Amino acid sequence: MAAATTKIILLLNLTSIWWIYWATCAPCVPYIVKSRYIVCVCNSTYCDTVPSADRVSKGQFIVFTTSQDGFRFNKQILPASNVSKTNAIYYVKLNETRQTIIGFGGAFTDAAGINIAKLPSEAQDKLINSYYSKDGIEYTIGRVPIASCDFSTHPYSYDDFSQDLNLTKFSLASEDFKYKIPYIQSAMKVTTQPIKFFASPWSAPAWMKTNNNMTGKGSLIGQPGGPYFKAWANYFVKFLQEYEKNNISFWGLTAQNEPLDGLEVDFPFQAMGFTPELQRDFIKLDLGPALHDAGYGNIKLMMLDDIRLFVITWVKTILSDSDASKYISGVAVHWYVDAALPSSILTDAHNAYPEKFLLSTEACEGSMPWQLKVDLGAWDRAASYAHDIISDLNNWVTGWTDWNLALDPQGGPNWVSNNVDSPIIVNAEKKEFYKQPMYYILGHFSKYIVPGSIWLGIQGPKHLPLIEITAFLRPDKSVAVVIFNLGFNSVDLELTDGTTGYLPVTSPGNSIQTVIWWPS
């Protein structure tokens, strides 16, 4: 009888613990695609949520763990130690500071909206919440294409009327009202902090271009200061004004998505060519003045918006011109072919013009010809995200923007079949969506390295080359350290800031962790 009573009490205690956990954080419902390929399933009635970093008592710290083996933001509250028990110590330097974080986010493309719209309304809400609400990974950035891009169902502009240089017939497209604006507004409703939206153009209307086509090799007709360049600059202004009518204001703009694409013969989707000299003169003679004169002088205008290979040449050409530089706040970079280029290029760019911020504005997996477009549950894709984000942050980058918020199981739609992967994949047939490992990797940064966080120096042992790490001082004066273990084996290590003691952390193989504490 006593044994039975003990079992009942134990069961009740376990049940209480479970319900406390449930109330705090709804766990992942896993779908095992194949061995160690795991996604979390969400639908109209259920979706996992993400634990918050609430302040803990002095002498304690929080560890959030996501791993290839199935942990998804596993939360532990652990005690610090007054004595070190390992030689694997990482020293966080509270007095060594660098850049301030702008944020993390993704893109509201037509394709994302098309896929979200195929879900039942309750599931749509859960998908937006997963990205932008306090129950999700709390994105604070949203990128918006100006008119169409390849992740549309067809090319379109906002003024397809030839020679309408005064843009009297400018109007947003049906895609804006069906696939962009509703989900941007949904994100704005659920967020607990301001979202920094920035917009990027892929191409001017065909009639403004030298090749009379939104694709292929083509640039604006004429020269900066001329009528087509003036019309194109005012096109940005019109876009901002029309979105404001829908209660959406923009924090930033990029002057052109991947400006070198439009210099390639037969480029397959929307593009427009700029050399660095041409972008410099367009910004100083047309775009900068147009924004300023229309009352948008406070918008963060970013140059380049392309891979880091071009960064040094472009910043030297454009920012050395004071008349162009005065309109430019930052340098936008894409992640493609980063593996072939040293991240120190970003530090070189910062050192050349330290007053301009660096922001990563586009990334996705599955873009290379030899890759699967969607690889459901693939940890290696999450790992490539983690490596790139940490490398960027450790080289002065102020934030990181993913590409499409959601795609279908084929990685589309994309009107030229340039399909890729996404952190969330929508299965419209089953009325559900899947959170990929990439989603959770992104959340270890976006959820806990909040806007206003300041980069901190960190020094660690040289005998752990498979541990990548970055540290930040958050606005609430807590320290957040992201630890990425690229190796197969678990690693025991310690963190210290010189005042709090030693924080012992076990880093599982193939895992990412965010560790948070409040220095004493």
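Residues numbered from 1 in each chain as written. Predicted model: local features only at pLDDT ≥ 70, side-chain atom pairs only at ≥ 80, totals over all residues. Heavy atoms only, no water.

## Examining unusual backbone geometry
Only a minority of non-glycine residues have a phi that is not negative, and only a minority of peptide bonds are not trans. For the bond from Gly412 to Pro413, the omega torsion is 5°, close enough to zero to count as cis. In this structure, Phe73 is a non-glycine residue whose phi angle is positive, near 55°. Considering the arrangement of structural elements, one finds Phe73 in the loop between strand E3 (60-67) and strand E4 (74-79). The phi angle at Glu258 is positive, at roughly 40°, despite the residue not being glycine. (Helix = DSSP H or I, 4+ residues; strand = E, 2+ residues; numbered from the N terminus.)

## Thoughts on the packing of aromatic side chains
For any two aromatic rings, the description comes down to two numbers: the centre-to-centre distance and the angle of the planes. Scanning the model with the defined rule gives 31 aromatic pairs in all. When the ring of Tyr132 is compared with that of Tyr139, the centres are 5.6 Å apart and the planes differ by 80°; the resulting orientation is edge-to-face. Each member of the pair, Tyr132 together with Tyr139, is buried. Aromatic side chains Trp335 and Trp400 sit 5.9 Å apart centroid to centroid with 90° between the ring planes, which places their arrangement in the edge-to-face category. Here Trp335, found in the loop between strand E11 (330-334) and helix H9 (344-352), pairs with Trp400, found in strand E13 (residues 397-404); they are 65 residues apart in sequence, far enough to count as distant. We note that Trp335, like Trp400, is buried. A cation sits over an aromatic face here: Lys34 above Tyr37, 4.4 Å from the ring centre. (Phe/Tyr/Trp six-rings, centres within 6.5 Å; stacked < 30°, edge-to-face > 60°. Buried < 20%, exposed > 50% of the residue type's maximum accessible area, 1.4 Å probe, protein only. Lys NZ or Arg CZ within 6 Å of the ring centre and 35° of its normal.)

## Observations concerning the layout of surface pockets
Over the atoms rolls a probe the size of a water molecule, and in doing so it shows where empty space is left. By volume, the largest pocket is sized at about 500 Å³. Taken together, the residues of the lining of the largest pocket sort by class into 14 nonpolar, three polar and seven charged. (1 Å grid on protein atoms, 1.4 Å probe; cavity = no way out; pocket = protein on both sides within 12 Å on 5 of 7 lines; lining within 4 Å. Points joined across faces, edges and corners; volume = space filled by probe spheres on them. Nonpolar A, V, L, I, M, F, W, Y, C, P; charged D, E, K, R; others polar.)

## Describing the sheet that holds strand E14 (residues 424-427)
Read from one edge to the other, the open sheet built from four strands follows the order E1-E2-E15-E14, with strand pairing classed as antiparallel. The open sheet has two free edges, formed respectively by strand E1 (30-34) and E14, since each of these has just one partner strand. For this sheet, the mean angle separating the axes of adjacent strands, direction not counted, is 35°. Where strand E2 (residues 37-42) and strand E15 (residues 432-435) come together, three bridges link them in antiparallel fashion. Residue Val41 lies in a different strand from E15, and its bridge partner there is Tyr434. The strands touched by helix H3 (residues 121-132) are E14 and E15; relative to E15, the strand with the most contacts, the crossing angle is about 20°. (Pairing = 2+ DSSP bridges. Axes fitted to C-alpha atoms, helices over the stretch in contact; angles between N-to-C directions. Contact = heavy atoms within 4.5 Å.)

## Structural notes on the sheet that holds strand E8 (residues 196-201)
Spatially, eight strands are ordered E6-E7-E8-E9-E10-E11-E12-E13 in a closed barrel, and the strand pairing comes out parallel. In this sheet, neighbouring strand axes are inclined to one another by 25° on average, regardless of whether the strands run parallel or antiparallel. Strand direction decides the pairing type here: strand E6 (residues 103-107) and strand E7 (residues 141-146), joined by three bridges, are parallel. Looking across to E7, one finds that Ala107 is bridged to Arg143.

## A closer look at the pairing of E13
Most of E13 is tucked away, with eight of its eight residues classed as buried. Direction of pairing for E6 relative to E13: parallel, over a ladder of four bridges. Directly across from Ala107, in E13, lies its bridge partner Asn404. Sheet topology places strand E12 (residues 357-362) next to E13; two bridges connect them, and they run parallel. Looking across to E13, one finds that Ser360 is bridged to Trp400.

## Some words on the environment of Lys134
Tracing the backbone shows Lys134 in the loop between H3 and E7. It is 8.6 Å that separates the C-alpha atoms of Lys134 and Lys447, two residues lying 313 residues apart in sequence. Here Lys134 is in contact with Val50, Val190, Thr192 and Lys447, once residues within four sequence places are set aside.

## Focus on empty space enclosed by the protein
Evaluation of the coordinates by the stated rule reveals one cavity of 30 Å³ or more. The space that makes up the largest cavity amounts to roughly 30 Å³. Along the walls of the largest cavity sit Val315, Leu319, Val331, Ala349, His350, Tyr353, Lys356 and Leu358, which together make up its complete lining. Broken down by secondary-structure element, the contributors of at least two residues to the lining of the largest cavity are helix H7 (311-319) and H9. The residue makeup of the lining of the largest cavity, split by class, is six nonpolar, one polar and one charged.

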